[in-house]
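# Close look at the chain arrangement
Given next are the chains, with one letter for each unit.
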Amino acid sequence: MEILLFIIAFALTLFLQRWLHQHIQGLTFAVTGDPGCAMRLLFILLLPGVILHEGSHWLTANMIGVRTGKVSLGLSKARGKQFSLGSVNVERTDSLRESLIGLAPFVVGLGAILLIAGYGFDLWPNSGLSFNQMLDRVLASSNDWLTWFDLYLVFAVSTAMIPSESDREPWGALIVTFGVIGALSILFGWAPRIPGELFSFAHNALNALTFAFGVSVVVNGVVAFVLWILEWTIGSVTQRRVRY
């Protein structure tokens, strides 16, 4: 059941990230009629997450001995009709290190959400994590601007933490390699003995990740609902609608 909740929360996080990227631009276009303005607004809204995303690429690359070049923040042309909100030039290396660099924004983003929940709402993995507790604490401190700033950071970080297409490029070779190793291990009957402490750690880690994904889903879900209402209302008035 816990694994199923994790998968559902993870899938909804991916879906909402893509949905919000598209519809923030769609709403801005409905208001201004300017596609460039829509991209600029997306960048401004996600700026804390973009900084964390590119910073985690840069830091991870330097930690594992991969040279980095220019770091840029801002709109730039990517592949085809896609735009990039930021980039870090990293030298080509082996698939394992490239995969770690590509995965870094995702791991750091989840860690940042857990830290926001901890420092902002005093909810830590080792003291139990509960959505009801977090909701109660948000409502209890709703008159404090820092509460809304914390929720905004959750939105910005979770919406910018998903690895881009270029980040995911080296994953294929790594997945195939570990898949073959796993298949051969099963075929020849080799299975490592996993200590109970490791199972306990994995269980707690899974709960923490599910909570982090759940927080991002709840916050982004509320943002998406408000955005959908605004987009529909403004689109009806201006007659500007975007086909996604």
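Residues numbered from 1 in each chain as written. Predicted model: local features only at pLDDT ≥ 70, side-chain atom pairs only at ≥ 80, totals over all residues. Heavy atoms only, no water.

This part is about the overall build of the protein. Each helix and strand counted, the protein has nine helices and two strands in total. Tracing the protein from N to C terminus, the helices and strands come up as α-α-α-β-β-α-α-α-α-α-α. Within the protein, the proportion of its 244 residues that are buried is 34%. Restricting to contacts in the protein with at least 6 residues of sequence separation, those with at least 24 account for 75%. In the structure as shown, the protein presents an accessible area of about 14800 Å², 68% of it carried by carbon and sulfur atoms. (Helix = DSSP H or I, 4+ residues; strand = E, 2+ residues; numbered from the N terminus. Buried < 20%, exposed > 50% of the residue type's maximum accessible area, 1.4 Å probe, protein only. Contact = heavy atoms within 4.5 Å. Areas by Shrake-Rupley, 256 points an atom, 1.4 Å probe, with all protein chains shown as cover.)

Attention now goes to the packing of helix α3 (residues 47-63) against helix α4 (residues 95-121). As a packed pair, α3 and α4 sit with axes 8 Å apart at the nearest point and diverge in direction by 125°. As the angle between them shows, α3 and α4 are arranged oblique. Here α3 and α4 pass one another in a crossing that is right-handed. Residues Leu-52, His-53, Ser-56, His-57, Thr-60 and Ala-61 of α3 form the contact with α4, whose own contacting residues are Leu-100, Ile-101, Gly-102, Ala-104, Pro-105, Val-108, Gly-109 and Ala-112. Class assignment for the residues of the contact of α3 with α4 results in eight nonpolar, six polar and no charged. (Axes fitted to C-alpha atoms, helices over the stretch in contact; angles between N-to-C directions. Parallel < 35°, antiparallel > 145°, perpendicular 65-115°, else oblique. Left-handed = near helix turned anticlockwise from the far one by under 90°. Nonpolar A, V, L, I, M, F, W, Y, C, P; charged D, E, K, R; others polar.)

Here the focus is the environment of Ala-9. On the secondary structure map, Ala-9 appears in helix α1 (residues 2-32). When neighbours within four sequence positions are excluded, Ala-9 is seen to be in contact with Thr-210, Phe-213, Gly-214 and Val-217.

Let's shift gears to the confidence of the model for the protein. Of the residues in the protein, 81% reach a pLDDT of 70 or more, and the chain-wide mean stands at 80. Per-element averaging of pLDDT across the protein places helix α8 (residues 171-187) at the bottom with 66 and α3 at the top with 91. (pLDDT = per-residue confidence, 0-100.)

Let's shift gears to the pattern of salt bridges. It is possible for side chains bearing opposite charge to pair when their charged atoms get close. Per the stated rule, a full pass over the model turns up two salt bridges. Close ionic contact of Glu-91 with Arg-67 constitutes a salt bridge, the shortest N to O distance being 3.3 Å. Of this pair, Glu-91 sits in the loop between β2 (83-90) and α4 while Arg-67 sits in the loop between α3 and β1 (68-77), placing them 24 residues apart in sequence. When its relative accessible area of 30% is taken as the criterion, Glu-91 is described as partly exposed. With its nearest N and O atoms 3.4 Å apart, the salt bridge here joins Glu-98 to Arg-92. For Glu-98, a relative accessible area of 14% translates into the label buried. The class for Arg-92 is exposed, based on a relative accessible area of 66%. (Salt bridge = Lys/Arg side-chain N within 4 Å of Asp/Glu carboxyl O.)

Across all of its chains, the model carries eight aromatic pairs by this definition. On the numbers, 5.7 Å between centres and 35° between planes, the contact of Phe-106 with Phe-213 is tilted. You can see Phe-106 sitting in helix α4 and its partner Phe-213 sitting in helix α9 (residues 196-238), a full 107 residues away along the chain. An aromatic cluster of at least three residues, connected via ring pairs, comprises Phe-6, Phe-10, Phe-106 and Phe-213. (Phe/Tyr/Trp six-rings, centres within 6.5 Å; stacked < 30°, edge-to-face > 60°.)

Below, the discussion takes up the environment of Gly-109. Residue placement: Gly-109 occurs in helix α4. Look at Gly-109 and you get buried, because its relative accessible area is 0%. When sequence neighbours within four positions are dropped, the list of residues in contact with Gly-109 reads Leu-52, Val-157 and Met-161.

So, on to the packing of α1 against helix α2 (residues 35-45). As a packed pair, α1 and α2 sit with axes 8 Å apart at the nearest point and diverge in direction by 130°. By the angle between their directions, the pair α1 and α2 is classed as oblique. Between α1 and α2 lies a crossing whose hand is right-handed. Residues His-21, Ile-24, Gln-25, Thr-28, Phe-29 and Thr-32 of α1 lie in contact with α2, whose contacting residues are Pro-35, Cys-37, Ala-38, Met-39, Leu-41, Leu-42 and Leu-45.

What follows covers unusual backbone geometry. Of note in the backbone geometry, Asp-122 takes a positive phi value of approximately 55° without being a glycine. In this fold, Asp-122 is placed in the loop between α4 and α5 (131-140).

Here His-23 shows up in helix α1. Taking relative accessible area as the criterion, His-23 reaches 8% and is therefore assigned buried. One polar contact links His-23 to Glu-231, side chain to side chain, over a distance of 2.7 Å. (Polar contact = N/O pair within 3.5 Å; in protein donor to acceptor, adjacent residues only side chain to side chain.)

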